[in-house]
Structures are given as structure tokens and as C-alpha cells.
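# Fold and contact review
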Amino acid sequence: MNDVIVVGAGIVGSAIAYRLTRAGARVTVFDAGDRTPTTATSFAWTNANAKLPLAYHSLNVAGMGEHLALEMELGESRWHHHVGNVEWAIGEDEHQRLLDKVARLQGWAYPAELIDRATLRAIDPALIPPEGVEAIAFYPSEGYVDAVPLAALLLERARAAGATVHIGKSVAALGPRAVSLSDGTPHQADAVVCAAGRWTGALVATAGFAIPMAPTRSCLGVTTPAPHLRTMLLSTAINLRPEGDERLLLQNTTTDLQGDDPTPTISTEKLDQHLLSPARKVVRDFDGVKIENAKLGIRAIPADGHPVVGPVPDCDGLYVVCSHSGVTLAPFFARAVAREILEGETERRLAPFRPERFCATTTSS
Amino acid sequence: MRDNNVVVIGAGVIGSSIAYHLAREGVRVTLFDDADAPSSPSASWASAGGVRSQRRDSREWALTVAAAARWHSLSDELQASTGFRSGGHLHVVEREEDVDELRARVEREREAGIRVEYVEHSELRQLAAALAPSVIAAAYTPGDGQADPRATTSAFSSAAVRAGATFNRTYVDAIALHERRAAGVVVNGTTHAAATTVLAAGSWSLRLAHAAGLNLPISLRAYQMLLSMPQRPSLAPTVTATNRALSLKQLQTGAFMIGGGWPGEIDEQSHTCRTTQESIDGNWSVAAAIVPALAPMRPATSWCGLEGDSFDGVPLIGPVPHVQGLYVAVGFTGHGFQIAPAVGEAVAQAILTNCEPASLRELNPAREGGIA
């Protein structure tokens, strides 16, 4: 089990290529390179915050641990910003849900606490909880990652350690221990790992297996220079965090924007409605800040919302990794995949997330 | 001596510091290491990065005092961040019967020039509210703190290169020996000649010395480290404790880094190590006894590194008896990081003057029980 093809060079594929190469495999990476990966349109929030059930939460906690290990291993951590995360709730329903969540997370020994307004001011004076905020939570272990540079760094480290990287070569079909490129060229290996993000469903279908996908969308915008944020904020109306160069990244997850183009033209009106207006209500001195660059985030989510990781049934040597929370989970997936593919071990924590579960669904319906 | 060239084997924090201090004196230095930057399982990679000048063997006092004077401006000097943060260091005690010994030790260290004071009660709580109520007193070194061992190592090696040293990223096969004289190193089958050879290869020193017919009185040890998930800042000083195998600090990320000499498992054949569940559990529970906030949590990640433990607990630094031209700086026993700046300076001085600085006198490799 020495030659491995990795399909996809987003954060997940790059992390897998890096880990497999370090573990001694001869890795070849293919990526079409002509489409914006979800890695580039992600809020890139490292967390195990609202991940249910416990098995999925634990996977994300393991991902956060592997991020710390990766920083150790690479001896630098410019890409991972351990800023902590603020969440607040407006209205009675949200309030109760937040209290329940914090209690649940504390019960799982996940760092989460309820804080008062004075503590919030100490954590980040730039954030103003609007009227009606009844509870504020803080998650000190959470943060964000510069996902594109991290993916690039991992891919570069893989390449430097001997991996062959083909960006601009699109894989058209997957098969037993083989892929064929869109120009018809076949490539064989001892194993193929499909880490094709939101294209996973379509690609794995070429190997005769159905992974239903249910991508959701969010509206993202990088601002012009804005007030400095020390932490990040999660709320129903708006998510926001620093983005470097004095910019902020704003995200609205309740967007009504549709389509599959991550870089559509979004009207000034929509940007104001989705991003700027809700941000103005919660960030001090935000007046005059504009959106410099807007994107549509299209998430790579299997239909039931949970990761699909493991050998694809009835297709020898084909292994699939597809998940929401790819940024948090990539280093953990990479470690697990390397262990399962190269050493034949089984990662127990992945048991609930195997591809077979979809097989069961389709045969019963 | 200035006209001759020196090879340093090992670009960890010790070897890099030696190379830097030699290069800045105009000595032609070549630093050999196959790794670009500290990597697993080297001690400079695995290190907890504690900058602690107290509770050291008296034989290290001169080095630790000299090093303590440099840490605060070391980033400026090396033109690269060491990540040093001066939150102080607390060595805590939990039992009344340990207080007298603690106070006596503080007195001895003060006389040696170490900036250390005895603290208790409200003053202690003010310094570290996160400590358990069982902690009753501490020795406090306000100038101590923590730094990033990987960044510090790279800062030294880059500064060495800027000062004219050559960093040769090659694996050293052997020390080149001609009769009883070291003549450089063998790399890729050819000899890279040098007037002086410095062995500072951490855990790899054992093998290199052995192949040269030298028996270092050092044993291989795997030191384990743990990291918690990041928490809100609650502990500025780094912490050690009497009667507990513990070193503990909160990093800038908010994560608690926990160590204290808990052993990992060594695979001598592959020169690697792995953590054990027993050490992870044991180390975590000791940490939770001193910082109760850790009690409900679990480690986010763990690792271990290989180090050389010296026969008498302090390093062997200086010329090797009966082998001309060979110096060692080995056996740092898990506490070489803080003294690294002073070790580099002292070794450079020893090589330049061919005369042993006072700070190294009691660490001479030929001391009783040392290299025969």
C-alpha cells in the first residue's frame, strides 16, 4: 500500500496528502484547479460548538487537538488564530437554547462559559451586544484558520517530501485502485482517496456509489479597513471575525442567495442587507466600512449533515472523505486516513461516519 | 584560534547558540543538521520552552544568571522573535514542612545572584489566582517566563548564518577521528575538515560519540508533553511544584502546556518515542491538582521528545579528555533551554581562548564520573 492518489487539493485533500507523504506513501495529487474550493469560501472557524451528536462533537474536538499538534509539528502557527469566540442570544427562545448548549458543552468538558457584559468588554471592547441580548457565551478554545494558506503550506510540504502535485488535471471518474482524467488518461495506484469537497457526490457516483449531498449556502464579505476585533462573534444575524490587513470577514448564514457560482455579482443592496447593516449594529465605529470582496460560500455537506469517511463499498481501494467542518476536521481526517490506508488500522471514532450508511438508506427506500 | 574553522554538530538550541556566538566573533563555523528547523523527536522541538533560573543545581548557577540577563533582549539581539514572555516562574509548595527548605533555597540562590523571592498568602494569589488552595507558598522569579523553543532555535541559527556561519543541512555520519584528534565530520562519505569539532546533537550525540569510541555518561530519555485546549488567560507565571513531577504554563494561545519529566516509550532502533496513556493520565492529574480548572478537561494533544540525561543531572560542556579538538555540549537532562544563550557564549569563549570559562568549570566533561 504505497502509491496513493489523492483527488482534491482543498484543505482536506492537502492535509491528507501531507500526512500520507510523511507516513512514507508515494502520493499523487490531482485537482482540477479551475473551480473555487469551499476552502476558499469558508468562515474557517475551528470549533466543536454546535456539533451533534456526541460522536460528531468528539470528532471535532479531536480535530482541534490535531490542529494544535500540527502547529507543534510544523513549528509555526501563523495560520491559526486562537482568538476565542463570542456568541449571544436575542429573545427567549434563543436565550434558552444558548443556556442549554453551554450546559451541554460544559458537561462534555468543552471550554464554554456564560459571561456578563463587563467581561465581554474586557475580552473585546469593539463588540456591542445589541438591545435584547439576554445571554452571552464565550468559547476560549475556538478560533479561525487562514484556510487557503494552510492548505497551500500542507500541499507544499507534501510536495517537498516527494508528493507529485498536478493542479489543473481534472479527475473525471473513479474506479477500483484507479482514476481517469478528463482527457481520458488513466492513473493507477494502490489506493485512491477522494477528497473532492462539494463535488464528492458526482465523483463517487462514477464508481457506482451514491453519496447524496445537501450543500448549503452563506454570504461572505471581506470589508475595507475596519475597527480591530480581538475575538470573533457568532450570532443569528451575523458572524464576524478578523481577516488580516485590518479587514473583517462577515458571514451571513441565513442568506437567500442561491446558485453554484462562489463569486457571483451581489448587489450593493444585498450586501448591505446581509452583511453591513447587521455588522454595524454590533461593531463599534463600523460606520463607513464597505465590502471589498463578496463571495457565496457553498458548503460540502453530505445529505445527513455528517462526515462520510471510509472505503467506498464495492470499489476496491477507493476511499472517500467528505465533510462539513472540513477546516476543523482536516488534520484529524488526515491522521485517521493515513492510519487506515497505510497501516490497515481502524479508527473507532469514525464508525458512525462510514459511507455504508447511505447504501442502507437507498436500498430501504 | 580565530583563523581556524569549527564544525558544530546539531542545530538544536544549544548547537545553534554555539554557532551564533562563534560566528559573531568572526570564527568560520559550519553548523550541521539534516533538519532545517527543530523537528520531532528532538529536544529543541519537544521542549516546553520554560525559561526558569531557579531551582537549579549550583553548578549551573553562573550559566543561568548569565542567561537570565539576556532573555529579555534576546529577540532584539537575534533580530527574530524568540516568543519570550516574562510572566515569572513560581515554584510552589503545598506542605508546611517544605516551607523552611524553600526559604533556605531562596536565600542560597539570592546569594548566587538569582533574582528570586519568597511569596505567600495574598501576594501568591495575586500572582496566580488559578492555583489550588493547597498551594501555601512559592519561590518566585519575576524575570523568568516562557519562550518558543522552535522559534528561539531558528532565531539562533538564522543569526548565526547572518553573522557568517554556514548551515549545512546534511546528516552527519560520524566524527572524523585521526588517532586521538578530531578532524571534523564525515558527511556523505567525505570528511569536512575542521580544527575544532563541537558535538551538540542532543539525543543523537550518544550514537555519534559511541561510534568515535567515546562513552558519554548519558542515558536516552523520552520526555512527554501535553497541551490543553486554549482557555481564557488565568496563569501568567510558569509553575513547578515540590514533590510533584510537574511543569505547567499557559501559552499565549491560552492552551496549558504540561510536562514535568513524565516518560514516554523509547524505540532505540528507530530513534523515536511515543507517549503512554499511563504518563498522560498521571501528568494530567498532577496538573489538575495544582490548577483545579484543568480537572474536568482532557488533553487536546500530546507528544514526546528524546533527550540525553546526564549521570549527575547537569550537562557535560567542554573539551573531551584525550581527544584533541573535540568539544561536547550534551546531557542537558531536560533543562537546557533557559541556559542556551549562556552555554553558546561560554563554549565560544572556551574555543576562542582555549581556556575554560569559570561558568563551565564544574560542568567539565572530565569531572568525576564523567568522560574518562
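Residues numbered from 1 in each chain as written. Chains lettered and ligands numbered in written order. Predicted model: local features only at pLDDT ≥ 70, side-chain atom pairs only at ≥ 80, totals over all residues. Heavy atoms only, no water.

## Section: the overall build of chain B
- Each helix and strand counted, chain B has nine helices and 21 strands in total.
- Whereas a compact globule of 372 residues would reach a radius of gyration of roughly 21 Å, chain B reaches 20 Å, a difference of no more than 12%.
- Here the C-alpha coordinates of chain B stretch approximately 60 × 40 × 40 Å along the principal axes.
- By residue count, 60% of the 372 residues in chain B fall in the buried class.
- Total accessible area on chain B is roughly 14600 Å²; 48% of this is exposed by carbon and sulfur atoms.
- Taking the average place of the 30 positive charges on the side chains of chain B and the average place of its 37 negative ones, the gap between the two points comes to 3 Å. (Helix = DSSP H or I, 4+ residues; strand = E, 2+ residues; numbered from the N terminus. Rg over C-alpha atoms; globule rule 2.2 N^0.38 Å. Buried < 20%, exposed > 50% of the residue type's maximum accessible area, 1.4 Å probe, protein only. Areas by Shrake-Rupley, 256 points an atom, 1.4 Å probe, with all protein chains shown as cover. Lys, Arg positive; Asp, Glu negative; His and termini not counted. Charge placed at Lys NZ, Arg CZ, Asp CG, Glu CD.)

## Considerations on the packing of aromatic side chains
Residue and element names in this part refer to chain B.
- Counted by the stated rule, this structure contains six aromatic pairs over all chains.
- Positioned above the aromatic ring of Tyr118 is the side chain of Arg103, whose terminal nitrogen or guanidinium carbon lies 3.9 Å from the ring centre.
- One residue, Arg221, lies across the ring of Tyr223, its end atom 4.7 Å from the ring centre. (Phe/Tyr/Trp six-rings, centres within 6.5 Å; stacked < 30°, edge-to-face > 60°. Lys NZ or Arg CZ within 6 Å of the ring centre and 35° of its normal.)

## Concerning the interface of chain B and chain A
- Contacts between chain B and chain A engage 15 residues on the former and 19 residues on the latter.
- Summing the contributions of chain B and of chain A, the shared interface buries around 1400 Å²; its carbon and sulfur component is 71%.
- Taken together, the connections running from chain B to chain A amount to one salt bridge.
- A salt bridge links Glu113 of chain A to Arg232 of chain B, with the shortest nitrogen-to-oxygen separation between them at 3.0 Å.
- Seen at the junction of chain B and chain A, the total is three residue pairs in polar contact (both at pLDDT 80 or more).
- Residue classes in the side of chain B that touches chain A are distributed as nine nonpolar, four polar and two charged. (Contact = heavy atoms within 4.5 Å. Buried area = accessible area lost by both parts, 1.4 Å probe. Salt bridge = Lys/Arg side-chain N within 4 Å of Asp/Glu carboxyl O. Polar contact = N/O pair within 3.5 Å; in protein donor to acceptor, adjacent residues only side chain to side chain. Nonpolar A, V, L, I, M, F, W, Y, C, P; charged D, E, K, R; others polar.)

## Regarding the environment of Phe167 of chain B
Residue and element names in this part refer to chain B.
- Note that Phe167 resides in strand β8 (residues 166-168).
- With a relative accessible area of 12%, Phe167 lands in the buried category.
- Along the chain, Phe167 and Val29 lie 138 residues apart, while their C-alpha atoms are 8.5 Å from each other.
- Once you skip the residues sitting within four places of it in the chain, Phe167 turns out to touch Ala11, Leu31, Asp33, Ala35, Asp36, Ser157 and Val161.

## Focus: the sheet that holds strand β10 (residues 171-175) of chain A
Residue and element names in this part refer to chain A.
- Reading across from one edge, β10-β11-β12 is the order of the three strands in this open sheet, with antiparallel pairing throughout. Two strands in the sheet have a free side with no partner beyond their single neighbour: β10 and β12 (186-188). Neighbour to neighbour, the strand axes of the sheet diverge by 20° on average, direction disregarded. (Pairing = 2+ DSSP bridges. Axes fitted to C-alpha atoms, helices over the stretch in contact; angles between N-to-C directions.)

## What about helix α1 (residues 11-22) of chain A?
Residue and element names in this part refer to chain A.
- Here α1 contains 12 residues, and its C-alpha end-to-end distance of 16 Å stays within 8% of the 16 Å for a straight helix at 1.5 Å per residue.
- Of all 12 residues that make up α1, 11 are buried, and the element is covered over most of its length.
- Those residues of α1 that sit buried are Ile11, Val12, Gly13, Ser14, Ala15, Ile16, Ala17, Tyr18, Arg19, Leu20 and Thr21.
- A positive phi of about 105° marks Gly24, the residue just after α1. (Expected span 1.5 Å × (residues − 1).)

## Here's the deal with the domain arrangement of chain B
Residues and elements named next belong to chain B.
- If you check the domain split of chain B, you get domain 1 (2-71 + 149-217 + 311-363) and domain 2 (85-145 + 220-310).
- Between the C-alpha centres of domain 1 and domain 2 there is a distance of 27 Å.
- Contacts between the two partners involve 32 residues from domain 1, matched on the other side by 32 residues from domain 2.
- Between domain 1 and domain 2, roughly 2400 Å² of surface is buried when both sides are summed, and carbon and sulfur atoms account for 56% of that area.
- Counting the surface domain 1 buries against domain 2, the share from its top three residues, Gln54, Arg55 and Trp61, is 25%.
- Taken together, the links from domain 1 to domain 2 amount to zero salt bridges.
- Between the two partners, domain 1 and domain 2, sit 20 residue pairs in polar contact (both at pLDDT 80 or more).
- When residues of the side of domain 1 that touches domain 2 are traced back to their parent elements, those giving at least two are α2 (43-46), β3 (50-51) and α3 (61-78).
- Broken down by class, the residue content of the side of domain 1 that touches domain 2 amounts to 15 nonpolar, 13 polar and four charged. (Domains from an automatic or database assignment.)

## Some points on unusual backbone geometry
- With omega at 0°, the peptide bond leading from Leu52 of chain A into Pro53 of chain A counts as cis.
- Structurally, the position occupied by Pro53 of chain A is in the loop between β3 (45-46) and α2 (54-74).
- Here the bond from Ser40 of chain B into Pro41 of chain B is cis, since omega is 0°, no more than 30 degrees from zero.
- Its location among the elements puts Pro41 of chain B in the loop between β2 (28-32) and α2.
- Positioned with a positive phi, Ala109 of chain A is a non-glycine residue whose angle comes to about 60°.

## Regarding helix α7 (residues 268-280) of chain A
Residues and elements named next belong to chain A.
- The end-to-end C-alpha separation of α7 is 15 Å, well short of the 18 Å expected for 13 residues at 1.5 Å each.
- The largest bend in α7 comes to about 35°, at His274, with the proline Pro278 one to four residues further on.
- Buried within α7 we find Leu271, His274, Leu275, Leu276, Pro278 and Ala279.
- Against β14 (217-223), β16 (239-242), β17 (248-252) and β18 (291-298) lie the buried residues of α7. (Bend = angle between axes of the 7 residues up to and from the residue.)

## Describing the pattern of salt bridges
Residue and element names in this part refer to chain B.
- Tallied over the full model, the rule gives 34 salt bridges over all chains.
- For Arg24, the salt bridge goes to Glu77, with nearest N and O atoms at 3.1 Å. In this pair, Arg24 sits in the loop between α1 (13-23) and β2 while Glu77 sits in helix α3, placing the two residues 53 residues apart along the sequence.
- Judged by its relative accessible area of 36%, Arg24 is partly exposed.
- Here Glu109 ties to Arg105 by a salt bridge, and the two come within 3.0 Å at their closest N and O atoms. You can see Glu109 and its partner Arg105 sitting in helix α4 (residues 99-111), four residues apart, about one turn around the helix.
- Residue classification places Arg105 among the buried residues on the basis of a relative accessible area of 9%.
- Residues joined in a network through salt bridges with shared partners are Arg24, Arg70, Glu77 and Glu345.

## Describing the side chain of Asn239 of chain A
Residue and element names in this part refer to chain A.
- With respect to the helices and strands, Asn239 occurs in strand β16.
- Of note is the side chain of Asn239, whose polar atom sits 3.2 Å from the backbone nitrogen of Ser235.
- Beyond its immediate stretch of four places on either side in the chain, Asn239 contacts Phe43, Leu233, Leu234, Leu249, Leu250, Gln251 and Thr253.

## Quick look at empty space enclosed by the protein
- Using the criterion set out here, one finds three cavities of 30 Å³ or more in the structure.
- Size it by volume and the largest cavity reaches roughly 40 Å³.
- The wall of the largest cavity is formed by Thr46, Met64, Leu68, His80, His82 and Ser141 of chain A together with Met229 and Pro230 of chain B.
- For the lining of the largest cavity, the per-class residue count stands at four nonpolar, four polar and no charged. (1 Å grid on protein atoms, 1.4 Å probe; cavity = no way out; pocket = protein on both sides within 12 Å on 5 of 7 lines; lining within 4 Å. Points joined across faces, edges and corners; volume = space filled by probe spheres on them.)

## Regarding the sheet that holds strand β9 (residues 174-178) of chain B
Residue and element names in this part refer to chain B.
- The sheet built from three strands is open, its strands ordered β9-β10-β11 with antiparallel pairing. Each of the sheet's edge strands pairs with one partner strand only, and the pair in question is β9 and β11 (190-193). Here the strands of the sheet are splayed against their neighbours by 45° on average, with no regard to which way each runs.
- Relative to strand β10 (residues 181-187), β9 is paired through five bridges, and the arrangement is antiparallel. When the sheet's bridge partners are listed, Ala174 is paired in β10 with Val186.

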